[in-house]
Amino acid sequence: MPDLGKYADTVLSAYAASILLLIGLVAISLWRGRRVRAEMDALEKRMRRDG
């Protein structure tokens, strides 16, 4: 790990915040994808039933 000197806390907290935001974005994307897929499956079942 490089020597960051007096900026170590700032740089490491920026890295941590970035990683947390990326994890949050991926989690939200996966959650929304599952929700939309479930809605589409329900709509397809309704369309098949209604003919």
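So, here's what we can say about the structure. These numbers come from a predicted model, not from an experiment.

### Looking at the overall build of the protein
Phase 1: A tally of regular secondary structure across the protein gives one helix and zero strands.
Phase 2: In terms of overall dimensions, the protein is more spread out than a globule: its C-alpha atoms have a radius of gyration of 21 Å, far above the 10 Å expected for 51 residues.
Phase 3: Taken along the three principal axes of its C-alpha coordinates, the protein extends 70 × 15 × 5 Å.
Phase 4: Here the protein holds 51 residues, and 0% of them are scored as buried.

### Points about the packing of aromatic side chains
Phase 1: Within this structure, the stated rule accounts for zero aromatic pairs.
Phase 2: Over the aromatic face of Trp 31 sits the side chain of Arg 35, whose NZ or CZ is 4.9 Å from the ring centroid.

### Things to note about the pattern of salt bridges
Phase 1: Going through the model one piece at a time under the given rule, you end up with two salt bridges.
Phase 2: With a closest N to O distance of 3.9 Å, Glu 39 and Arg 35 form a salt bridge. Taken together, the residues span about one helical turn, with Glu 39 and Arg 35 both in helix 1 (residues 8–50) at a distance of four residues.
Phase 3: Across the salt bridge formed by Glu 44 and Arg 48, the nearest N and O atoms sit 3.8 Å from each other. Of this pair, Glu 44 and Arg 48 both sit in helix 1, four residues apart, roughly one helical turn.

### Digging into the environment of Met 47
Phase 1: Mapped onto the fold, Met 47 is located in helix 1.
Phase 2: A relative accessible area of 56% places Met 47 in the exposed class.
Phase 3: Distance in space between the C-alpha atoms of Met 47 and Arg 35 is 18 Å, their sequence separation being twelve residues.

Parameters at a glance
- Residues numbered from 1 in each chain as written.
- Predicted model: local features only at pLDDT ≥ 70, side-chain atom pairs only at ≥ 80, totals over all residues.
- Heavy atoms only, no water.
- Helix = DSSP H or I, 4+ residues; strand = E, 2+ residues; numbered from the N terminus.
- Rg over C-alpha atoms; globule rule 2.2 N^0.38 Å.
- Buried < 20%, exposed > 50% of the residue type's maximum accessible area, 1.4 Å probe, protein only.
- Phe/Tyr/Trp six-rings, centres within 6.5 Å; stacked < 30°, edge-to-face > 60°.
- Lys NZ or Arg CZ within 6 Å of the ring centre and 35° of its normal.
- Salt bridge = Lys/Arg side-chain N within 4 Å of Asp/Glu carboxyl O.

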